[in-house]
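Single-letter residue listing:
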Amino acid sequence: MANNSKVEQYQPARIQSKRKRNKGLSHEGKWGLIMISPYLIHFIVFIAFTLLASFYFSLSKYDMLNAPQFIGIENYTKLVNDQVFWKSLWNTVYFTVLFVPAQTVLALILAVALNQQLKGLKLYRMAHFIPVISSWTVVLYVADAIFNPRFGLANAILTKIGMSSQQWLNDEMLVIPVLVVVAVWKGIGYMMVIFLAGLQNVPEDLYEAAEIEGAGVLKKFRHVTIPLISGTTFLVLVLSTITTFQAFEQIYVMTGNGGDITAAGGPDNSSMVLMLYLFQQGFAFLKMGYASAIAWVLFIILFVITLIQVKLQNKWVHYEK
């Protein structure tokens with residue numbers, strides 16, 4: 001010990017100060033670990049553990065009343081031959097193809113319109129954001145006033161112009177488009193706010209330079225606005241895609257016939273989507289193992305789609321350096 005103290009005594013001051021800094025960093029690291037420990041505990045217990053549990057359930061026969069029985073990949077092989085699963089997957093993709101472009105384009109148009117210097121601008125923004133914070137139960141009453149086959153506004157307009165009335169939510173061809181219209185109306189305000197944030201970060205001097213070059217409104221929008229908000233557009237596309245693949249509450253409320261989960265998704269499963277089918281299997285029919293398998297398939301699909309979107313962003317997304 002004495003020899004070690006003598007060695008440290010004759011060491012350069014730079015080395016000694018470095019050792020002191022290392023000890024300080026170690027002390028700070030311990031405090032940092034203590035400070036983030038609540039989040040780590042939350043992640044381990046409520047995220048990591050639940051993910052592992054759901055994966056185990058997907059390989060088991062589990063009804064929430066008895067202990068899970070390991071059955072391997074049997075749930076996944078059942079999915080391959082499950083016609084309702086493939087129908088719900090197709091409906092989900094169909095819903096996404098209609099919803100994502102419609103909401104993105106309309107939200108951008110609204111954001112551009114509300115980015116102008118207009119009187120009562122805050123009132124207009126609030127009016128478009130009210131559906132976002134409204135529950136689906138409230139939205140259902142509004143949708144019913146429009147698409148009710150007996151006294152709805154949509155059929156009243158069709159009758160007025162000499163066209164036949166429609167069944168809307170009871171029509172296999174119309175139910176998904178109607179659900180998309182309602183979903184766009186409810187969620188467009190949120191995406192509009194995201195676009196507004198992107199538009200307000202576009203430098204005004206670029207518009208002035210474009211005007212000097214003789215660019216009109218459309219050219220400025222195409223060559224200045226669109227490239228500079230491409231990062232925001234990418235974010236909106238990713239969020240919208242994830243939202244559609246997780247759509248549940250809207251379809252449950254609008255097609256559930258008063259809250260009957262087993263009746264939701266009609267007519268004839270034409271509005272059955274993956275999240276609704278997952279919920280039915282897990283909580284209506286107590287097939288939690290089968291529902292967990294659906295959840296993992298949904299996770300893989302979303303992961304692949306998001307990965308493709310991230311890979312493709314290099315071709316059209318431009319970030320400021």
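About the thresholds
Residues numbered from 1 in each chain as written. Predicted model: local features only at pLDDT ≥ 70, side-chain atom pairs only at ≥ 80, totals over all residues. Heavy atoms only, no water. Salt bridge = Lys/Arg side-chain N within 4 Å of Asp/Glu carboxyl O. Helix = DSSP H or I, 4+ residues; strand = E, 2+ residues; numbered from the N terminus. Buried < 20%, exposed > 50% of the residue type's maximum accessible area, 1.4 Å probe, protein only. Core = buried A, V, L, I, M, F, W, Y, C linked by side-chain atoms within 4.5 Å. Contact = heavy atoms within 4.5 Å. Phe/Tyr/Trp six-rings, centres within 6.5 Å; stacked < 30°, edge-to-face > 60°. Lys NZ or Arg CZ within 6 Å of the ring centre and 35° of its normal. Axes fitted to C-alpha atoms, helices over the stretch in contact; angles between N-to-C directions. Parallel < 35°, antiparallel > 145°, perpendicular 65-115°, else oblique. Left-handed = near helix turned anticlockwise from the far one by under 90°. Nonpolar A, V, L, I, M, F, W, Y, C, P; charged D, E, K, R; others polar. Expected span 1.5 Å × (residues − 1). Arc of directions from axis to C-beta. UniProt positions renumbered as here; feature names shortened; annotations may be inferred.

Novice: Explain the pattern of salt bridges to me, using residue names and the numbers behind them.
Specialist: Considering all chains together, one arrives at two salt bridges under this definition. In this structure, E74 engages K78 in a salt bridge whose closest nitrogen and oxygen atoms are separated by 3.7 Å. Taken together, the residues E74 and K78, both in helix α3 (residues 74-80) and four residues apart, mark about one turn of the helix. Two residues, E211 and K220, come together in a salt bridge whose shortest N-O distance is 2.7 Å. The class of E211 is partly exposed, set by a relative accessible area of 46%.

Novice: Please give an account of the nonpolar core that cites residues and values.
Specialist: One recurring pattern in soluble globular proteins is that nonpolar side chains are buried together. Counting 61 residues, the largest nonpolar core has L79, F95, F99, L179, V182, F195 and L276 as the members making the most contacts within it. If we ignore the near neighbours within four places in the chain, the residues touching F195 are T104, A107, L108, A111, I229, T232, T233 and V236.

Novice: Could you give an account of the packing of aromatic side chains, naming the residues involved and the relevant values?
Specialist: By the definition in use, this model includes 14 aromatic pairs. A centroid spacing of 5.4 Å and a plane angle of 70° characterise the contact between F85 and W86, whose relative ring orientation is edge-to-face. For F85, a relative accessible area of 4% gives the class buried. Residue classification places W86 among the partly exposed positions, given a relative accessible area of 41%. By way of ring pairs, the aromatic residues F55, W296, F299 and F303 are connected into one cluster. Positioned above the aromatic ring of W136 is the side chain of K186, whose terminal nitrogen or guanidinium carbon lies 5.3 Å from the ring centre.

Novice: Go over the side chain of T233, please, and point to the residues and values.
Specialist: Within the fold, T233 resides in helix α11 (residues 230-245). Given a relative accessible area of 16%, T233 falls into the buried group. Apart from the residues lying within four places of it in its own chain, the contact partners of T233 are T104, F195 and W316.

Novice: Describe the environment of M288, and please don't skip the residues or the numbers.
Specialist: Topologically, M288 is positioned in helix α14 (residues 288-316). On the basis of relative accessible area, M288 is assigned to the buried category, the value being 14%. Residues M288 and S58, spaced 230 residues apart in sequence, show a C-alpha to C-alpha distance of 7.9 Å. Apart from residues lying up to four places away in sequence, M288 is in contact with Y62, M64, Q281, G282 and F283.

Novice: Residues and numbers for the packing of helix α9 (residues 204-212) against helix α10 (residues 217-228), please.
Specialist: Contact pair α9 / α10: the axes reach a minimum separation of 10 Å and the direction vectors enclose 155°. Judged by the inter-axis angle, α9 sits roughly antiparallel to α10. Considering only the axes of α9 and α10, their crossing is right-handed. The segment α9 lies against α10, with L206, Y207, A210 and E211 engaging K220, V224, T225 and L228. Classifying every residue of the contact of α9 with α10 by side-chain character gives five nonpolar, one polar and two charged.

Novice: Can you explain α10? Please cite residues and give values.
Specialist: If you check α10, its first and last C-alpha atoms are 16 Å apart, about what 12 residues at 1.5 Å a residue would give, namely 16 Å. Among all positions in α10, only K220, V224 and T225 are buried. Seen end-on, α10 carries its buried residues on one side only, within an arc spanning 85°. Turned more than 90 degrees from where α10 packs its buried face, L218, K219, R222 and H223 sit exposed. Among the structural elements, α8 (175-199) and α9 are those in contact with the buried residues of α10.

Novice: Please set out the UniProt feature "transmembrane region" (unreviewed entry) in the protein chain residue by residue, giving values where relevant.
Specialist: Per the UniProt entry, the sites bearing "transmembrane region" (unreviewed entry) are residues 31-57, 93-114, 126-143, 174-197, 228-248 and 288-308 in this numbering. Helix and strand shares over residues 228-248 are 81% and 0% respectively, and the end C-alpha atoms of the span are 34 Å apart.

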